[in-house]
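Per-entry structural report
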Amino acid sequence: MAEKITTIDQLKQQFAQYPQIGSLIKQIGDYLAQIDKINIDGGGKDDEIAKQYHETIDPGMTHLHDLLTLLKTLVEQVGYTGSDVMGLFDRVEDEARSLASSWSSDA
């Protein structure tokens, strides 16, 4: 059983935050690209220490990129679906209002 009832207006406010969340995820991606550049430049390329460094760092960075991609995909899907649901709620509300006004005028 639900412990909290959420109104349509509250849902609209929550779904309206998804573009902001998407922007934050993009910003994290930009930071991650900067970290990648620092790792490449700072870790070196051709010596044994660079090889050890990249063997240690690169797999973690790959996982971090994968996680960020997954998070971006999930936020986009929920945002799009939420937008679709809110559009549906709006149409149903408009139709209910129209039916109610036609019903009251018929009486």
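Scroll up a little and you will see the structure.
Presented here is a report on the structure given in the accompanying data block. (Residues numbered from 1 in each chain as written. Predicted model: local features only at pLDDT ≥ 70, side-chain atom pairs only at ≥ 80, totals over all residues. Heavy atoms only, no water.)

1. Looking at the overall build of the protein
The secondary structure content of the protein amounts to three helices and zero strands. Written out in order from the N terminus, the α and β elements of the protein read α-α-α. Against the compact-globule benchmark of 13 Å for 107 residues, the protein has a radius of gyration of 24 Å, which places it well outside the compact range. Considering only C-alpha atoms, the protein reaches an extent of 90 × 30 × 15 Å along its principal axes. Expressed as a percentage of its 107 residues, the buried residues of the protein come to 12%. Within the protein, residue pairs in contact and separated by at least 24 positions form 73% of the contacts whose partners lie at least 6 positions apart. Total accessible area on the protein stands at roughly 8,700 Å², and carbon and sulfur atoms take up 60% of it. Distance between charge centres in the protein, computed from 9 positive and 18 negative side chains, equals 3 Å. (Helix = DSSP H or I, 4+ residues; strand = E, 2+ residues; numbered from the N terminus. Rg over C-alpha atoms; globule rule 2.2 N^0.38 Å. Buried < 20%, exposed > 50% of the residue type's maximum accessible area, 1.4 Å probe, protein only. Contact = heavy atoms within 4.5 Å. Areas by Shrake-Rupley, 256 points an atom, 1.4 Å probe, with all protein chains shown as cover. Lys, Arg positive; Asp, Glu negative; His and termini not counted. Charge placed at Lys NZ, Arg CZ, Asp CG, Glu CD.)

2. A word on a negative patch on the surface
A contiguous patch of negative charge, built from Asp46, Asp47, Glu48 and Glu55, is present on the exposed surface. Considering the arrangement of structural elements, one finds aspartate 46 in the loop between helix H2 (18-43) and helix H3 (48-106). (Patch = residues over 30% accessible without salt bridge, like charges linked within 9 Å, V, L, I, M, F, W, Y side chains within 5 Å. Salt bridge = Lys/Arg side-chain N within 4 Å of Asp/Glu carboxyl O.)

3. Overview of the nonpolar core
In terms of nonpolar packing, the biggest core is built from five residues, these being Ile25, Leu32, Met61, Leu68 and Val75. Counting residues per element, this core draws most heavily on H3, at three residues. The residues touching valine 75, leaving out its near neighbours within four places in the chain, are Tyr18, Ile21, Gly22 and Ile25. (Core = buried A, V, L, I, M, F, W, Y, C linked by side-chain atoms within 4.5 Å.)

4. Looking at the environment of serine 23
As for its position among the elements, serine 23 is in helix H2. In sequence terms serine 23 and glutamine 77 are 54 residues apart; their C-alpha atoms lie 15 Å from each other.

5. A few points about the environment of phenylalanine 89
Mapped onto the fold, phenylalanine 89 is located in helix H3. Sequence separation of phenylalanine 89 and lysine 12 is 77 residues, and the distance between their C-alpha atoms is 9.9 Å. If we ignore the near neighbours within four places in the chain, the residues touching phenylalanine 89 are Ile8 and Leu11.

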